[in-house]
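Reading the structure
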Number of protein chains: 2
Amino acid sequence: MSENKPRIVVLGAGYAGMMTTKRLTQQFTEDEVEIVLVNKHNYHYQTTWLHEVAAGTINPNQSRIMIKDVINNKRVEFIQDAVVEIKKDSKKVVLENQEIDYDYLVIGLGFEKATFGIPGMEEYAFSIQDVEKSRLIREHIEYQFASYKNDPTQDHLLTFIVGGAGFTGIEFVGELAEKLPELCKKHDVDKNKVKIINIEMAPTILPGFDDDLLDYAKKSLEFRNVEFKTGTVIKEVKPDGVLIGEEKDEIKAATVVWTGGVQANRIVGNSGFELTKGKVNVDPTLRAPGHDEVFILGDCAWVMNQETGRPYPPTAQIAIQEADTCAHNIAASINGGELEEFHFDNKGTVASLGGKHAMGTIFDGHKLYGVQAKAMKNIIDDRYLFMLGGPLLVLKKGKFRPF
Amino acid sequence: MSENKPRIVVLGAGYAGMMTTKRLTQQFTEDEVEIVLVNKHNYHYQTTWLHEVAAGTINPNQSRIMIKDVINNKRVEFIQDAVVEIKKDSKKVVLENQEIDYDYLVIGLGFEKATFGIPGMEEYAFSIQDVEKSRLIREHIEYQFASYKNDPTQDHLLTFIVGGAGFTGIEFVGELAEKLPELCKKHDVDKNKVKIINIEMAPTILPGFDDDLLDYAKKSLEFRNVEFKTGTVIKEVKPDGVLIGEEKDEIKAATVVWTGGVQANRIVGNSGFELTKGKVNVDPTLRAPGHDEVFILGDCAWVMNQETGRPYPPTAQIAIQEADTCAHNIAASINGGELEEFHFDNKGTVASLGGKHAMGTIFDGHKLYGVQAKAMKNIIDDRYLFMLGGPLLVLKKGKFRPF
C-alpha cells in the first residue's frame, strides 16, 4: 500500500469495530485509505449471546465468527495481536508484538467488569465478558453439580447468584432458569435444591423498560423459580457467597456472576484518556475530547442522548449504529465535508428470558411477549449477521430455533 | 414370606453382590430361602467402566444398570438404603433407615481409596470409586481447560497426574490420552501444553502382565504423550501437585487421581472384622474367620491363590466367579453338602488403553494386541451383561463400538 494514504486503525473486532471496518471499506475506494483492524483473537463474537454460552445453552462456537470470513482481506489488513497502550500524542499503538502508526484511530476495545470497589467482586465474582470467561462460568456451573453429588450437605453449591438486573443479568438468569433443571436431570439432583437469586440495587429489574414488560419478565422468571432481591446492595463478595444490605446478611453460594456494571477496557484509561464513570465522554460526533483523529465507540464511550441528557446504554444495536456515524465522519474528515452527530434509531429492544420466553418492544413501540418476542429476537440477531456477512453467514451462524 | 425360611442378606450391588443374588435365585426355589439385597443406589454400575466415565469418554448412564431391570423382584427383596454397621455377633445389619436380621450374610461392599498414610492423598487426590466420584473427575478436568484459557500462565492446570500403574491407572491414562486432545480442540488449547504423568512405585507398570504386553502398553501410551515415572514414590499430595521421590521433587498439577491402592469399604473394619492390609483374609470357601455364616467377596476380601500363595487381584472377573462359589457354599450350608474352595478360572485379561488400543491375554494364554484385544474387551464386557440380564441387557447397555 502507498505511504501517502491516510492510515485508519481500528482497535477491537466487537460490534463497533467490525461494523466500522466494514463501513470504511464501503466509504472509501482501495486507493484512498489504508485500513487496519487489530484484534486479540482471529474471531469476532456475539457479545449479546455470551449469556447463553455462560449458561451452557448454546455451543460457544456458534457465538464466534472468523474475522477472515467476513472482512475483505484485500481491503483490510488484519493484525492478530493484543493492544498494550495507545500513545495518542504520537499517534501510535503499542501491540504485544509490534508498534503501529495511525492517522485515524477507532477504539472499540469493549468493556470489562466495573466492580465499584465492592470488596471481593474482582476476585470471586465471574463476569460474562468474553467467550473464555463465559465458558469458565459454564464449566464452573456443571462442576458444582458434580461436587454437590459428592457432598449433598453443601447446599450452597447449588445456589447461583447473579448480581445486576440489567439486560445481561436478566437474560442470564433466564438461561439459567432453562439450563439448571436440565443439569438436575443429568446429575440426578432434586431440582428443588437449586436456587437462582438475582440481586439488584435499583428498585426494579430492567430499568428503562415499561412496567408491563418488566412485570411480564419478572413473573415469567419467578414462575421458573428465580428469586429477585431488588433494592438490595451487594456489600461484599466472598469465596462462598455474598453479604447484602446494610445488615450484611450472608447468602451462601458457590457461584456469583456479576453483571451489575461495565466500564471501558482498562487500556483506554491507562493510555491517558479522561474517564467519566469508567468511560470516555465523547462529543456528539464520537470523537475523544481534544483528539479529532480518535473515535471511541461501543462500551468504551459515553454517548449522550441529546433528548434525555443521559448517556445511551451499552447495547449492540447502538454500537452498530455508531459504526455508521464513525465511518461517515472519518470520510468527512479525510475528504472534506460535514461531520454528523450520532442519533440512535431505535429499532426495538427484545430481552430473551430463556427457552421460548422473551419480551420487548419493536420500532414503533409495539410490545411483544413470549414466542413472538423470541422470534423477533432471533430476527434481530440474524439481521446483524446479514449486515456483517450476508446470507451465507446467517445460514452458518444464525438462529433458527423452532418457536 | 415365611418366618422359618433362612434369610440371606447380600450387602452391595456390585459385581460380587449382583451375581451372588442372581446365583442364589438359581440355587434355591422360592420356598427355601428369603433373599434380600441392600444397596445405596437403585442401580448397579460397571466399576470396570468408571475410568471411562472419569475421563469423559462414555456417558455415565451407559455404566449404570437399574437393579429392578435385572433382579427378579418376586424372588428378591430389594432395600435401597445405606449400610451403617454390621453387628456380626447378633447377626444384624444397621441401615440408615432400619435394622435387618440375617441368617447368612454376603458382604460385597466394594472398595475405597487406600492412601497408605500419604499426606494430602485423602484431601487432594481424586478416586475412581463410584459413578459420582468419577463424574466429579470428568467435570473437574474440563473445568481446568476453561480455567487455563482464562490464565494461560498456569501451566499446571493442564498437567494430569495419575498415581498407580495397575489396571485402573493404566486404563485411565489410556482414556485421558484419547480424551484430552479432544478437549484441546474444543477449548482451543495447544495440545502440546497438556501433560499426562503416570507415577508408579513398582519398577514396571502393570505388575503381573508379561513383559511384551506391558512393553506394548507402554509404547502405545508413550506414543500418545503419556509420561511414565516408574520406581517413583509419591511422598505427598498438595492442592496444586505432588512431591515425589526421596528428594521430594515437586510436580505442579491441578489434577491428581489416585489409583494406587484399594481397601475394603470402611464399614467392614468398623464392624470389627479383622483386616490384613485393609481387607479381610477369608478362608478358601470365602467365609470370614470365625463367622461361618458371613461370606466376604470382591474388593472387601483377600482370597489366596493356593498355587502362588499370593492373594488374587481385585478384578471384576474374580468377583463374578467368587459369586458362584459363595452361592454354592450358602446352599451347601443350608441344605447340607460339602463347601467348595474358590478356584479362579482365568478366561483372559484385557486392558483397554483408550480408543482402539488394548492388549491382554485370553484363556489359553494367547496374547492379543490393538483392535483384536479391544474387540475381546468388548466381548468380555458384553458377556457379563449377558450373564446378568440376558440379551436385552446387552442390547441396552452393551458396547458395540466400531473397531
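Looking up chain A in an unreviewed UniProt entry gives the name NADH dehydrogenase, with the organism given as Saliterribacillus persicus. UniProt annotates chain A under Cofactor (unreviewed entry) with the comment "FAD".

The next thing to look at is the packing of aromatic side chains. Overall, the coordinates contain 17 aromatic pairs over all chains when judged by the stated rule. Ring plane angle 80° and centroid distance 6.4 Å describe the contact between F116 of chain B and W258 of chain B, whose orientation is recorded as edge-to-face. Residue F116 of chain B is found in the loop between β10 (111–113) and α4 (121–124), and its partner W258 of chain B is found in strand β17 (residues 255–258); the two are separated by 142 residues along the sequence. With a relative accessible area of 61%, F116 of chain B lands in the exposed category. Every member of this aromatic cluster is reached through a ring pair, and the members are Y312, F342 and F344 of chain A.

In this section: the pattern of salt bridges. Here the structure, examined in full by the defined rule, presents 46 salt bridges over all chains. For K235 of chain A, the salt bridge is made with E246 of chain A, and the minimal N-O distance between the two is 3.4 Å. You can see K235 of chain A sitting in strand β14 (residues 234–238) and its partner E246 of chain A sitting in the loop between β15 (241–244) and β16 (249–252), a full eleven residues away along the chain. Judged by its relative accessible area of 27%, K235 of chain A falls in the partly exposed class. With a closest N to O distance of 2.9 Å, E171 of chain B and K377 of chain B form a salt bridge.

Residues and elements named next belong to chain B. In spatial order, the strands read β13-β12-β11-β17; together these four strands make up an open sheet with parallel pairing. On the outer flanks of this sheet lie β13 (226–229) and β17, each paired with one strand and no other. Strand-to-strand twist in this sheet, taken as the mean axis angle between neighbours without regard to direction, amounts to 20°. Note that strand β11 (residues 159–163) and strand β12 (residues 195–199) share five bridges and pair parallel. Looking at the pairing, F160 lines up with I196 of β12.

The interface of chain A with chain B comprises 17 residues on the first partner and 17 residues on the second. Together, the buried faces of chain A and chain B total about 1700 Å²; carbon and sulfur atoms form 47% of this surface. For the pair chain A and chain B, the number of links is four salt bridges. Note that D188 of chain B and R64 of chain A form a salt bridge whose closest N and O atoms lie 2.6 Å from each other.

Residues and elements named next belong to chain A. When the domains of chain A are assigned, the result is domain 1 (7–40 + 81–113 + 263–345) and domain 2 (121–260). With four residues of domain 1 at the contact, the number on the domain 2 side is seven residues. For the pair domain 1 and domain 2, the summed buried area comes to about 480 Å², and 49% of that belongs to carbon and sulfur atoms. Connecting domain 1 to domain 2 are zero salt bridges. At the boundary of domain 1 and domain 2, one finds three residue pairs in polar contact (both at pLDDT 80 or more). Per-element accounting of the side of domain 1 that touches domain 2 gives the leading share, three residues, to strand β10 (residues 111–113).

Before going further, it helps to spend a moment on the relation of the copies chain A and chain B. Between the two copies, chain A and chain B, the superposition gives an RMSD of 0.1 Å; the rotation angle is 179° and the shift along the axis is 0.0 Å. Those values place the two copies in the arrangement expected of a two-fold rotation axis. Of the residues that chain A buries at the interface, 100% are likewise interface residues in chain B, meaning the two copies contact each other through the same surface.

Here the focus is the sheet that holds strand β5 (residues 76–80) of chain B. Residues and elements named next belong to chain B. Read across the sheet, six strands follow the order β5-β2-β1-β9-β21-β20 without closing on themselves; strand pairing throughout is mixed. Across the chains shown, the open sheet's two edge strands, defined by having one partner strand only, are β5 and β20 (287–288). Where β20 lies against strand β21 (residues 291–296), two bridges are found, and the strand directions are antiparallel. Opposite R287, over in β21, you have F295 as the bridge partner. Docked against the sheet, helix α1 (residues 15–27) engages β1 (7–11), β2 (34–39), β5 and β9 (104–107), running at close to 165° with respect to β2. Packed onto the sheet, helix α9 (residues 316–335) meets β1, β9 and β21 and runs at close to 170° relative to β9.

All names here are of chain B. Assignment of secondary structure puts T47 in the loop between β3 (43–45) and α2 (50–55). In this structure T47 comes out as partly exposed when scored by relative accessible area, which is 26%. Separated by 269 residues in the primary sequence, T47 and A316 have C-alpha atoms spaced 7.9 Å apart. Among residues more than four places away in sequence, those in contact with T47 are Y15 and F111.

For the rest of this paragraph, the subject is unusual backbone geometry. Positive phi, normally seen in glycine, also occurs at K248 of chain A, with a value near 55°. Looking at where K248 of chain A falls in the secondary structure, it is placed in the loop between β15 and β16. By relative accessible area, K248 of chain A is classed as partly exposed at 44%. Even without being glycine, D188 of chain B reaches a positive phi, approximately 55°.

What follows covers the environment of F172 of chain A. All names here are of chain A. Among the structural elements, F172 can be located in helix α6 (residues 167–186). Distance in space between the C-alpha atoms of F172 and E236 is 21 Å, their sequence separation being 64 residues. Every residue in contact with F172, bar those within four places of it in the chain, is listed here: H51, A54, A55, I128, I137, I141, V162 and V257.

The rules we used
Residues numbered from 1 in each chain as written. Chains lettered and ligands numbered in written order. Predicted model: local features only at pLDDT ≥ 70, side-chain atom pairs only at ≥ 80, totals over all residues. Heavy atoms only, no water. UniProt positions renumbered as here; feature names shortened; annotations may be inferred. Phe/Tyr/Trp six-rings, centres within 6.5 Å; stacked < 30°, edge-to-face > 60°. Helix = DSSP H or I, 4+ residues; strand = E, 2+ residues; numbered from the N terminus. Buried < 20%, exposed > 50% of the residue type's maximum accessible area, 1.4 Å probe, protein only. Salt bridge = Lys/Arg side-chain N within 4 Å of Asp/Glu carboxyl O. Pairing = 2+ DSSP bridges. Axes fitted to C-alpha atoms, helices over the stretch in contact; angles between N-to-C directions. Contact = heavy atoms within 4.5 Å. Buried area = accessible area lost by both parts, 1.4 Å probe. Domains from an automatic or database assignment. Polar contact = N/O pair within 3.5 Å; in protein donor to acceptor, adjacent residues only side chain to side chain. Least-squares fit on C-alpha atoms with pLDDT ≥ 70 in both.

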